[in-house]
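An overview of the molecular structure
These are the residues of each chain, in order.
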Amino acid sequence: MDRTQAITAPCLILSGNNVILSLRFSWRPVATDLMYLAKGTGAVSGVTEPRSVNFGHKMLVGTDGAISQAPCKTKGGNYFTLTLQLPPVKPMDQKHRKDIEKFMRVYFPATVKTLGCA
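Residues numbered from 1 in each chain as written. Predicted model: local features only at pLDDT ≥ 70, side-chain atom pairs only at ≥ 80, totals over all residues. Heavy atoms only, no water.

Helix and strand content of the protein: 2 helices and 6 strands. Buried positions account for 42% of the 118 residues belonging to the protein. The long-range share in the protein, meaning contacts at least 24 apart out of those at least 6 apart in sequence, stands at 57%. Each charge class in the protein was averaged separately, 15 positive and 7 negative side chains, and the resulting centres sit 5 Å apart. (Helix = DSSP H or I, 4+ residues; strand = E, 2+ residues; numbered from the N terminus. Buried < 20%, exposed > 50% of the residue type's maximum accessible area, 1.4 Å probe, protein only. Contact = heavy atoms within 4.5 Å. Lys, Arg positive; Asp, Glu negative; His and termini not counted. Charge placed at Lys NZ, Arg CZ, Asp CG, Glu CD.)

Here we take up the nonpolar core. Among the nonpolar cores identified, the biggest contains 22 residues, and Phe80, Leu82, Leu84, Met104 and Phe108 are the most heavily contacted of them. Those elements giving two or more residues to this core turn out to be strand 2 (18-28), strand 4 (58-61), strand 5 (65-74), strand 6 (77-85) and helix 2 (97-114). Beyond its immediate stretch of four places on either side in the chain, Phe108 contacts Phe55, His57, Ser68, Gln69, Ala70, Phe80, Leu82 and Phe103. With 6 residues, the next largest nonpolar core counts Leu34, Leu37, Ala38 and Ile67 among its residues. (Core = buried A, V, L, I, M, F, W, Y, C linked by side-chain atoms within 4.5 Å.)

Listed below in structure tokens is the structure:
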């Protein structure tokens, strides 16, 4: 991922032919309603049972993924959005929500810092 290019792109982690973790890095001109993205039916942003998390950045955590957003001015837009999806997790399985939140609380700020947005 390169901030100067600001290319919206997925990153898939596979086990055999199965996606076990999906990250989507995107750049937007304006802040996006994360709840709208989370409740979307698209393959790149849907998160089951999203809940807002009190965090230094906008973040929603669901049972099978999360979405977070921070200001980050580039030629691709003014906001950086990261979507995490875990396809193997059953949507109604509540036991992964805390682990997903812990992951995003570490990974998202580190990514924002790496991009030079913080």
